[in-house]
Amino acid sequence: MRIAIDAMGGDHAPEQIIKGVNEAVTAFPFLEFTLVGNEEKIKKYLVSSEKVSIIHTDEVIEATDEPVRAVRRKKTASMVLMANEVKEGRADACISAGNTGALMAAGLFVVGRIEGIDRPALSPTLPTIDGQGFVFLDVGANADARPEHLLQFAIMGSVYAEKVRKINNPRVGLLNVGTEEKKGNDLTKHAFPLLQDAPINFVGNVEARDLLEGVADVVVTDGFSGNIALKSIEGTALAIFSMLKTELTSSLKTKLATGVIKPQLRNLKNKLDYSEYGGAGLFGLKAPVIKAHGSSDQTAILNAIRQAKDMVEKQVIQTIETTIQSK
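These numbers were taken from a predicted model, which means no experiment stands behind them.

1. Things to note about the packing of helix 4 (residues 78-87) against helix 5 (residues 100-111)
Then step 1. Look at helix 4 against helix 5: their axes get within 9 Å of each other, and the N-to-C directions meet at 35°. Pair helix 4 / helix 5 crosses with right-handed handedness. Between helix 4, through Met-79, Met-82, Ala-83, Asn-84, Val-86 and Lys-87, and helix 5, the contact on the second element is made entirely by Ala-102, Leu-103, Ala-106, Val-110 and Val-111.
Then step 2. Of the residues assigned to the contact of helix 4 with helix 5, the class counts are nine nonpolar, one polar and one charged.

Spelled out as structure tokens, the structure:
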């Protein structure tokens, strides 16, 4: 199995990207990697390995680039060449921590969509209180969606939760403003019966306040609502830790107490860090495409590699294709 990686994408590229790959070479000795980017900069951090090859390019898609235009014009950008490795069958999956919109464009235009999927969905796994986590889609690939799109998201998320996250008969919920069947806007009202009839374990509407309680294993919504919910969760977690830090360092007494509970605080922070689950999968494409967080460190890259590996091994794409075609 070979995974192509955009070595130049992300806030800490290429150092943290390459260090993550170095860890993965040891953790997964059967994997091979293709790193795409500036060869001189890559080799500065790369531990010599026959499992890693490099495709050199100086061109990079920047965070400020307009996504579609950048993918179409920057033909030799590291992200585009990475996606092309998958398209040409030289790699089984790809990972980038770079420009999210550009990766979605590269996924659509280069890797291509699964037949029967109208739109791909950006799908991170978010933490829950019990540590199980839930797959959340879409969180930004599609600002607008139709009911049939939510149906496709639900099927893809259910397949991923069962195959990769090893959840038997995963519960699928529809994000809404109330749990009653008739609640919501036109989108959710029309999506509800479609999800009821789908080959999934649909548990009905779920509210945003219950997401971290583990009310469902898969939660579907349109990209506009999903992105707002995702960033609200991120912002709340950061704000809570900021307030905790202020309070716990406000006096000598609290500083001493903090020293005692420091391991527990670190564990709590890790539970709230969704990069611990890997990256956000772009579900609906012909091969696994993983969007790692822009601020990913080497551990987050290692987890994204594990996620891509699991998707290939568990034949997630093939199962989605089969399920979509038989519904």
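So that's the structure; there's more coming.
2. Details of the sheet that holds strand 7 (residues 134-137)
Then step 1. What the five strands build is an open sheet, ordered 6-7-10-8-9; its pairing is mixed. Two strands lie at the open edges of the sheet, namely strand 6 (125-126) and strand 9 (201-206), each paired on one side alone.
Then step 2. Here strand 6 pairs with strand 7 via two bridges, running antiparallel. Residue pairing in the sheet places Leu-126 in a bridge with Phe-134 of strand 7.
Then step 3. The sheet strands contacting helix 6 (residues 147-163) are strand 6, strand 7, strand 8 (171-175) and strand 10 (218-220), and the helix crosses strand 10 at an angle near 165°.

3. Details of the sheet that holds strand 11 (residues 280-283)
Then step 1. With respect to topology, seven strands assemble into an open sheet ordered 3-2-1-4-12-11-5, the strand pairing being mixed. Of all strands in the sheet, those bounded by a partner on one side alone are strand 3 (52-56) and strand 5 (121-123). Across this sheet, the average inter-strand angle for adjacent strands is 25°, counted without regard to direction.
Then step 2. When strand 1 (residues 2-6) meets strand 4 (residues 93-96), the two strands line up parallel, connected through three bridges. Note that in strand 4 the partner of Ala-4 across the bridge is Cys-94.

4. Brief notes about the pattern of salt bridges
Then step 1. Applying the stated rule across the entire model yields eleven salt bridges.
Then step 2. Notably, a salt bridge pairs Lys-309 with Glu-313, separated by 3.3 Å at the nearest N-O pair. With Lys-309 and Glu-313 both in helix 10 (residues 298-313), this residue pair falls four residues apart, about one helical turn.
Then step 3. Judged by relative accessible area, which is 8%, Lys-309 ranks as buried.

5. Considerations on the domain arrangement of the protein chain
Then step 1. Segmentation of the protein chain into domains returns domain 1 (1-117 + 284-326) and domain 2 (118-278).
Then step 2. For domain 1 and domain 2, the distance between their C-alpha centroids amounts to 24 Å.
Then step 3. Overall, the association of domain 1 and domain 2 removes approximately 1,800 Å² of surface from exposure, summing both partners, and the carbon and sulfur fraction of that is 73%.
Then step 4. Linking domain 1 to domain 2 there are zero salt bridges.
Then step 5. Here domain 1 is connected to domain 2 by two residue pairs in polar contact (both at pLDDT 80 or more).
Then step 6. For the side of domain 1 that touches domain 2, the elements supplying multiple residues, two or more each, are helix 5, helix 10 and helix 11 (316-326).
Then step 7. The biggest single contributor to the side of domain 1 that touches domain 2 is helix 10, with seven residues.
Then step 8. Across the side of domain 1 that touches domain 2, the residue classes break down as ten nonpolar, nine polar and four charged.

Thresholds, definitions, all that
- The residue numbering used here restarts from 1 in each chain and proceeds along that chain's sequence as written.
- This being a predicted model, a pLDDT of at least 70 is required before a residue's local features are given, and a value of 80 or more before pairs of side-chain atoms are given or counted; all residues contribute to the totals for chains, interfaces and linings.
- In computing side-chain values, all of the structure's heavy atoms are included and hydrogens and water are not.
- The axes are straight lines fitted to the C-alpha atoms, using for helices just the contacting stretch, and the angles between their N-to-C directions are given from 0 to 180°.
- Each helix is a run of H or I in the DSSP string that is no shorter than four residues. Each strand is a run of E no shorter than two, and both are numbered from the N terminus.
- With the far helix as reference, a near helix turned anticlockwise by less than a right angle produces a left-handed crossing, and one turned clockwise produces a right-handed crossing.
- Contacts are assigned to residue pairs that have any heavy atoms within 4.5 Å of one another.
- Amino acid classes used here: Ala, Val, Leu, Ile, Met, Phe, Trp, Tyr, Cys and Pro are nonpolar; Asp, Glu, Lys and Arg are charged; the rest, including Gly, are polar.
- Whether two strands pair depends on DSSP finding at least two bridges between them.
- Here, a salt bridge means any Lys or Arg side-chain nitrogen found within 4 Å of an Asp or Glu carboxyl oxygen.
- When a residue's accessible area, from a 1.4 Å probe over protein chains only, is under 20% of the maximum for its type it is buried; when over 50% it is exposed; and in between it is partly exposed.
- All the domain ranges listed were derived from an automatic or database domain assignment.
- By buried area we mean the combined loss of accessible area, with a 1.4 Å probe, across both parts when two parts are placed together.
- N or O atoms within 3.5 Å of each other form a polar contact, as long as, within protein, one can give a hydrogen and the other can take it, and as long as residues adjacent in sequence are counted only when both atoms are side-chain atoms.

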